[in-house]
Amino acid sequence: MKNLTPFYDPMLSYEDNYAKGPFGLFATPEETQDKSIVGDTKQRETFAGLPVNSLFGIPAGPLLNSNYVKAALAHGFDLCVYKTVRTVPHKSHPLPNVLSVHPEGKLSANRDTVFADNSYTQPLSITNSFGVPSFSPDIWQEDMADAVNAAKEGQYVIGSFQGTQGRGAIEKDYALAARLVSETNAPILEANLSCPNEGADKLLCFDFDKVERIAGEIKNAVPDRPLFLKLAYFSDDAAVAPLLQKIGHIIDGFSTINTLSARPINRQGLPALGADRIEAGVCGDAIRWAGIDMVSRLARLRQNMDLNFSIIGVGGVSTFEHYQQLREAGADAVMSATGAMWNPNLARMIKRNL
Ligand SMILES: Cc1cc2nc3c(=O)[nH]c(=O)nc-3n(C[C@H](O)[C@H](O)[C@H](O)COP(=O)(O)O)c2cc1C
């Protein structure tokens, strides 16, 4: 596949991408787009009880603000997640934030060492290391509301959020974030429990008691909105089944996977993101196997445990075949971050094949 200009520029800081992006085709007005590849369908599917044009979109991260969300909606991504926000301002890590990584064969879930550089060749895998930056709610609430409003019939903007450590009981901060997101009228909420910043062992989604408290507090704070939880990769059924036992009946769905942790190094063998960021999340082509594995795991357990949650399948999708693989594994909807960033036509390509 030929490389298109990504809508997020890895050479620029997060702040510059926020202020100047999106780039490439996402920067062009809707009228100038190539109409020959438009394959939009109208409300032929249902997701989380809502009529949707297609079961495809972009997960939390690449859509930094309403300018990005509006561009994605205009390019036919019908389920768009507005980037994870917090209840307090939080700065991004400095550059580099995104590098291309070149694992030899399949990336394992065991923190492989991978070579990283600026050569974004297909099939593309990248590392992303931002630290989940956020502006303060008085800035993002207005902007998220604007993004929510831009969705046309059969399109939805999902609000992603997370709590911040050091602000008292974490579940209270998650609940506050959920309430602030709900005030923007986002029709679906997504709580990020899988941010790798604090080390892969410390991911919130691996602490089932905490997840139960967080899900309970969010549901109390915002009972009227579907709640999805963003999960990391779990390597076997037995590891995730107890979590489903605890919360499978109170939440509405899961989005999975986030990234797989790895150790990116440069040509000199040094940590490519700097000495203070030895590990980072890898996404894109190298993690598709894990996305498919995790989605089939959740679908199997959903059936065996007689639960009803929806599954958003994420991980390494850059073609219609990849979309199909996740759907066949049991995903109710599919999203692509890396694939969409480097191919703004991805939703149209997929819809053309439906
Ligand atoms: C630039 C970038 C930023 C991301 N930021 C977030 C985030 O803020 N919250 C979150 O839940 N996931 C975040 N992710 C993870 C994606 O939502 C997704 O789970 C992951 O990239 C795997 O999908 P992919 O292989 O299609 O990229 C980010 C991913 C990328 C590429």
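This write-up is about the structure you can find in this document. (Residues numbered from 1 in each chain as written. Predicted model: local features only at pLDDT ≥ 70, side-chain atom pairs only at ≥ 80, totals over all residues. Heavy atoms only, no water.)

## Considerations on the pairing of strand β8 (residues 156–161)
Counting buried positions over the six residues of β8 gives six, a clear majority of the element. Along β8, one buried face is formed by Y156, I158 and S160 and the opposite face, lined by V157, G159 and F161, is buried too. Bridge count between strand β4 (residues 79–85) and β8: five bridges; the pairing is parallel. Bridged to V81 within β8 is I158. Examined bridge by bridge, β8 and strand β9 (residues 188–192) share four bridges and lie parallel to one another. (Buried < 20%, exposed > 50% of the residue type's maximum accessible area, 1.4 Å probe, protein only. Helix = DSSP H or I, 4+ residues; strand = E, 2+ residues; numbered from the N terminus. Pairing = 2+ DSSP bridges.)

## Looking at the nonpolar core
The biggest cluster of nonpolar side chains holds 113 residues, and the ones touching the most others in it are F77 and F161. When neighbours within four sequence positions are excluded, F161 is seen to be in contact with T84, V85, Y174, A177, A178, V181, L189, E190, A191, N192, I218 and L227. (Core = buried A, V, L, I, M, F, W, Y, C linked by side-chain atoms within 4.5 Å. Contact = heavy atoms within 4.5 Å.)

## Quick look at the environment of S108
Along the polypeptide, S108 turns up in the loop between β5 (98–102) and β6 (113–117). In sequence terms S108 and L354 are 246 residues apart; their C-alpha atoms lie 32 Å from each other. Discounting chain neighbours no more than four positions away, the residues touching S108 are L260 and W289. At a separation of 2.9 Å, a polar atom in the side chain of S108 contacts the main-chain amide nitrogen of N110. A polar contact of 2.7 Å, which involves the side chain of S108, links it to the side chain of D112. (Polar contact = N/O pair within 3.5 Å; in protein donor to acceptor, adjacent residues only side chain to side chain.)

## Here's the deal with the pattern of salt bridges
Two side chains bearing opposite charge may form a pair once their charged atoms approach each other closely. A full pass over the atoms with the stated rule returns 19 salt bridges. Across the pair E45 and R44 runs a salt bridge whose closest N-O atoms are separated by 4.0 Å. A salt bridge links R179 to E183, with the shortest nitrogen-to-oxygen separation between them at 2.8 Å. In this structure R179 comes out as partly exposed when scored by relative accessible area, which is 38%. Overall, the relative accessible area of 44% leaves E183 in the partly exposed class. One network of salt bridges, in which partners are shared, links D237, D293, R297 and R300. (Salt bridge = Lys/Arg side-chain N within 4 Å of Asp/Glu carboxyl O.)

## Comments concerning empty space enclosed by the protein
One pass over the structure, following the stated rule, counts two cavities of 30 Å³ or more. Approximately 90 Å³ is the volume attributed to the largest cavity. Together, 13 residues line the largest cavity, and Q122, L124, S318, T338 and G339 are the ones closest to its centre. It is helix α9 (residues 338–342) that provides the largest number of residues to the lining of the largest cavity, a total of three residues. Split by residue class, the lining of the largest cavity holds five nonpolar, seven polar and one charged. When its volume is computed, the second largest cavity comes out at roughly 70 Å³. (1 Å grid on protein atoms, 1.4 Å probe; cavity = no way out; pocket = protein on both sides within 12 Å on 5 of 7 lines; lining within 4 Å. Points joined across faces, edges and corners; volume = space filled by probe spheres on them. Nonpolar A, V, L, I, M, F, W, Y, C, P; charged D, E, K, R; others polar.)

## Quick notes on the packing of aromatic side chains
Evaluated as defined, the whole model comprises 17 aromatic pairs. An angle of 45° between the planes, with centres 6.4 Å apart, marks the rings of Y14 and Y18 as tilted. Here the residue Y14 and the residue Y18 both occupy positions in helix α1 (residues 14–20), the gap between them amounting to four residues, near one helical turn. The exposure classification of Y14 matches that of Y18, with both residues buried. Every member of this aromatic cluster is reached through a ring pair, and the members are F7, F26, F56, Y68, F77, F320 and Y323. The ring of W289 has K106 lying over it, and the distance from NZ or CZ to the ring centre is 4.3 Å. (Phe/Tyr/Trp six-rings, centres within 6.5 Å; stacked < 30°, edge-to-face > 60°. Lys NZ or Arg CZ within 6 Å of the ring centre and 35° of its normal.)

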